[in-house]
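# Observations on the three-dimensional arrangement
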Amino acid sequence: MALVPMRLLLDHAAENGYGIPAYNVNNMEQIQSIMQAAEEADSPVILQASRGARTYAGENFLRHLILAAVETYPHLPIAMHQDHGNSPATCYSAIRHGFTSVMMDGSLEADAKTPASFEYNANVTAEVVKVAHAVGASVEGELGCLGSLETGMGDKEDGHGAEGKLSHDQLLTDPDEAVEFVERTQVDALAVAIGTSHGAYKFTRKPTGEILAISRIEEIHRRLPNTHLVMHGSSSVPEDLIAIINQYGGKIPETYGVPVEEIQKGIKSGVRKVNIDTDNRLAITAAIREAAAKDPSNFDPRHFLKPSIKYMKQVCLDRYQQFGTAGNASKIKQMSLDDFAAKYAKGELAAVSKKAVTA
């Protein structure tokens, strides 16, 4: 079976009350880790690539690595997602290269650093939705800017992120605007700003409602019960991995990620896609540092990369189980982009708010 639209996976997750971790990928070892964990857990898979990943790996290399995963695990439904597309052109390029889902991040302007107006965001996102849905591809939008409620600063990852100080309003998605945005754009999924940020340095202390606004997810879900919500910057930054890294020469200071139990609260309130990258990077770095230190005369790259697959696989397996994803892959009937293009054309997948439903 070919790659499937991400909307297929999110719909099943919503119907059955679970979330799906979306893992960023750059190379073969990361994809193998994710797929081995998904096979063991019988989990649907979202493999996503940033613009930086597409540049690093090369379009053709990355596409064929993911297609190799599809060929090796044809029984597992896999979506290929463009993470943080900065413009319609980036999204259209991704679709041409085989991505079955794209994120049009119009929360920032095309320079990927300047916070955009609501009108700009709605207009560019709606434009991408129209084109993507015509070919059956899914679209994720974002409203509000990722950044820290603790410091008021935006975050940057792979060259994408708001620069400078942001207002409290910019750092939190407004529920009223969320309703208007979804109805105007018809996105399949909405990434919301709740105080999370990319990277390992998310919080200086264990996050509370003051700096991690899970309650904002609950409020948006009440208004948009049929919209799939997305949590970005949701790595948990495991202390044991940081300890291994520092034991073998690393210098990562004390830091806190998003607790798994907080993500689980989000899943109960409509979060269907949970973006994770840092946890996997930490796992790989811990494994490589440990392997290098324990056998310093070894110069075979496989000596370092094999344990990195093992460590990252365990992180992925934990998240599949913790988010309720495990056991669901075999329950999903795989469908093609053409199938979904027909559904969009018939209006079967139109996004509506609670107000529209009850009117």
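So, here's what we can say about the structure. (Residues numbered from 1 in each chain as written. Predicted model: local features only at pLDDT ≥ 70, side-chain atom pairs only at ≥ 80, totals over all residues. Heavy atoms only, no water.)

### A few points about helix 4 (residues 59–72)
Its 14 residues give helix 4 an end-to-end C-alpha distance of 20 Å, which sits within 8% of 20 Å, the value for a rise of 1.5 Å per residue. Listing the buried residues of helix 4 in full gives Leu62, Arg63, Ile66, Ala69 and Val70. Angularly, the buried residues of helix 4 cover 115° about the axis, an arc narrow enough to put them on a single face. Structural note: helix 4 exposes Phe61, Glu71 and Thr72 on the side pointing more than 90 degrees away from its buried face. Contact partners of the buried residues in helix 4: helix 2 (28–41), strand 2 (45–49), helix 3 (51–57) and strand 3 (78–85). (Helix = DSSP H or I, 4+ residues; strand = E, 2+ residues; numbered from the N terminus. Expected span 1.5 Å × (residues − 1). Buried < 20%, exposed > 50% of the residue type's maximum accessible area, 1.4 Å probe, protein only. Arc of directions from axis to C-beta. Contact = heavy atoms within 4.5 Å.)

### Observations concerning the side chain of Asp11
Mapped onto the fold, Asp11 is located in helix 1 (residues 6–16). Taking relative accessible area as the criterion, Asp11 reaches 17% and is therefore assigned buried. A distance of 2.7 Å separates polar atoms of two side chains, one belonging to Asp11 and the other to His228. Among residues more than four places away in sequence, those in contact with Asp11 are His228 and Leu349. (Polar contact = N/O pair within 3.5 Å; in protein donor to acceptor, adjacent residues only side chain to side chain.)

### Side note on unusual backbone geometry
A positive phi angle, close to 55°, is found at Asp42, a residue other than glycine. Structurally, the position occupied by Asp42 is in the loop between helix 2 and strand 2. Classification of Asp42 by relative accessible area gives partly exposed; the value is 21%. Its identity as a non-glycine residue notwithstanding, His84 has a phi of 50°, on the positive side. Here His84 shows up in strand 3.

### Some points on the nonpolar core
As a rule of thumb, soluble globular proteins bury nonpolar side chains together. Of all hydrophobic cores here, the largest spans 79 residues; its most connected members are Ile34 and Tyr320. If we ignore the near neighbours within four places in the chain, the residues touching Tyr320 are Pro21, Tyr23, Ile34, Ala37, Ala38, Ala41, Ser43, Pro44, Val45, Thr325 and Ala326. (Core = buried A, V, L, I, M, F, W, Y, C linked by side-chain atoms within 4.5 Å.)

### Side note on the pattern of salt bridges
Proximity of charged atoms lets side chains of opposite charge pair with each other. Under the counting rule described, the total for this entry stands at 15 salt bridges. Linking Glu262 and Lys265 is a salt bridge whose minimum nitrogen-to-oxygen distance equals 3.2 Å. With Glu262 and Lys265 both in helix 10 (residues 260–268) and three residues apart, this pair spans about one turn of that helix. A residue is classified by how much of its surface remains accessible, and Glu262, at 15% relative accessible area, is buried. The partner of Asp279 in a salt bridge is Arg319, with the nearest N and O atoms 3.0 Å apart. Residue Asp279 is found in helix 11 (residues 278–294), and its partner Arg319 is found in helix 12 (residues 301–322); the two are separated by 40 residues along the sequence. (Salt bridge = Lys/Arg side-chain N within 4 Å of Asp/Glu carboxyl O.)

### Here's the deal with helix 1
Note on helix geometry: an α-helix contains 3.6 residues per turn, so any two residues three or four positions apart are oriented the same way. In terms of burial, helix 1 is largely enclosed, as eight of its 11 residues are buried. Buried within helix 1 we find Met6, Arg7, Leu8, Leu9, Leu10, Asp11, His12 and Ala13. At the C-terminal side of helix 1, Gly17 shows a positive phi close to 70°.

### Points about the pairing of strand 5 (residues 138–143)
Within strand 5, six of the six residues are buried, leaving the element largely enclosed by the surrounding structure. Side chains Ser138, Glu140 and Glu142 of strand 5 all project onto a buried face; the interleaved residues Val139, Gly141 and Leu143 project onto the opposite face, where all are buried too. Examined bridge by bridge, strand 4 (residues 101–104) and strand 5 share four bridges and lie parallel to one another. From the neighbouring strand, Val102 faces strand 5, where its bridge partner is Val139. For the crossover that starts at strand 4, traverses helix 6 (residues 118–134) and ends in the parallel strand 5, the hand is right-handed. As paired elements, strand 5 and strand 6 (residues 189–192) share four bridges and run parallel to each other. (Pairing = 2+ DSSP bridges. Right-handed = clockwise from strand over helix to strand, strands pointing away.)

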